[in-house]
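# A look at the structure
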Amino acid sequence: MPRSVPARLEPIIGGTLALLTFYARSPNLAAADKIARNLALIARHPEASAALQTVCTRLFTDWLGPHEAQDGPPEDDWRDVWPMPPLAQ
């Protein structure tokens, strides 16, 4: 089975910047979800530098929005829809 080739990084970054501009002008949940999804994609992208991956991982957590404090494990704080990007050490 052939392995899928990831999308190029530059169009993802360009699209994310356009979404951020759109969101700044008229915030809505669909745009915020797409921004978070793109940040997670950039954080895992093989063309992204380690520094960019770290920044996007941290921004991804910010774009998830507020969550209630729970006594459960930290993994339970993440949404089920988009997997958490690996944390840079």
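That block above? That's the structure.
These notes cover the structure that comes with them.

How each quantity is defined
- For every chain, the first residue of the written sequence is number 1, and numbering continues from 1 along that sequence.
- Totals for whole chains, interfaces and linings use every residue, but because this is a predicted model, local features are given only for residues with pLDDT of at least 70 and side-chain atom pairs only at 80 or more, for both listing and counting.
- Where side-chain values are given, they derive from all heavy atoms of the structure, hydrogens and water being excluded.
- Counting from the N terminus, the helices are the DSSP runs of H or I reaching at least four residues and the strands are the DSSP runs of E reaching at least two.
- Residue exposure (1.4 Å probe, protein chains only): buried if accessible area is under 20% of the type maximum, exposed if over 50%, otherwise partly exposed.
- The Shrake-Rupley method, run with a 1.4 Å probe, gives the accessible areas here. Residue values count only the displayed protein chains as cover.
- A side-chain nitrogen of Lys or Arg and a carboxyl oxygen of Asp or Glu constitute a salt bridge if their distance falls within 4 Å.
- For a helix, the expected span equals 1.5 Å multiplied by the number of residues minus one.
- It only takes one pair of heavy atoms within 4.5 Å for two residues to be counted as in contact.
- In protein, a polar contact means a hydrogen-donor-capable atom and an acceptor-capable atom, both N or O and within 3.5 Å, with residues adjacent in sequence counting only if both atoms are side-chain atoms; elsewhere, any N or O pair within 3.5 Å suffices.
- This arc describes the spread of directions from the helix axis toward the C-beta atoms.

Each helix and strand counted, the protein chain has three helices and zero strands in total. In sequence order, the secondary structure elements of the protein chain are arranged as α-α-α. A burial count over the protein chain gives 24% of its 89 residues as buried. Accessible area for the protein chain stands at about 6,600 Å²; split by element, carbon and sulfur atoms hold 59% of it.

Here we take up the environment of Arg44. Counting through the fold element by element, Arg44 comes out in helix H2 (residues 29-44). Arg44 sits 13 residues away from Thr57 along the chain, and the two C-alpha atoms are 8.5 Å apart.

As a further point, take the pattern of salt bridges. One pass over the full model with this rule turns up one salt bridge. Note that Arg8 is salt-bridged to Glu47, the shortest N-O span being 3.1 Å. In this pair, Arg8 is assigned in the segment before helix H1 (9-25) and Glu47 in the loop between H2 and helix H3 (50-63), connecting sequence segments 39 residues apart.

Residue pairs spaced three or four apart in an α-helix point in one direction, given the helix's 3.6 residues per turn. The terminal C-alpha atoms of H2 lie 23 Å apart, and with 16 residues this matches the ideal 22 Å at 1.5 Å per residue to within 8%. Residues of H2 that are buried include every one of Ala31, Ala32, Ile35, Ala36, Asn38, Leu39, Ala40, Ile42 and Ala43, and no others. Buried residues belonging to H2 abut H1 and H3. Taking the backbone nitrogen of Ala30 as reference, a side-chain oxygen 3.2 Å away marks Asn28 as the first, capping residue of H2.

This next bit is on the side chain of Asn38. With respect to the secondary-structure elements, Asn38 resides in helix H2. Judged by its relative accessible area of 7%, Asn38 is buried. Apart from the residues lying within four places of it in its own chain, the contact partners of Asn38 are Ile12, Gly15, Thr16 and Leu19.

One can find Asp33 in helix H2. Separated by 27 residues in sequence, Asp33 and Phe60 have C-alpha atoms that sit 9.9 Å apart.

This part covers H1. Given a rise of 1.5 Å per residue, 17 residues ought to cover 24 Å, and the 25 Å separating the end C-alpha atoms of H1 matches this to within 8%. Looking only at H1, the buried set comprises Leu9, Ile12, Thr16 and Leu19. Mapping the buried residues of H1 onto a view down its axis gives an arc of 85°, with all of them on the same face. Relative to its buried face, H1 has exposed residues pointing more than 90 degrees away, namely Glu10, Pro11, Leu17, Ala24 and Arg25. Looking at the packing, one finds that the buried side of H1 touches H2 and H3.

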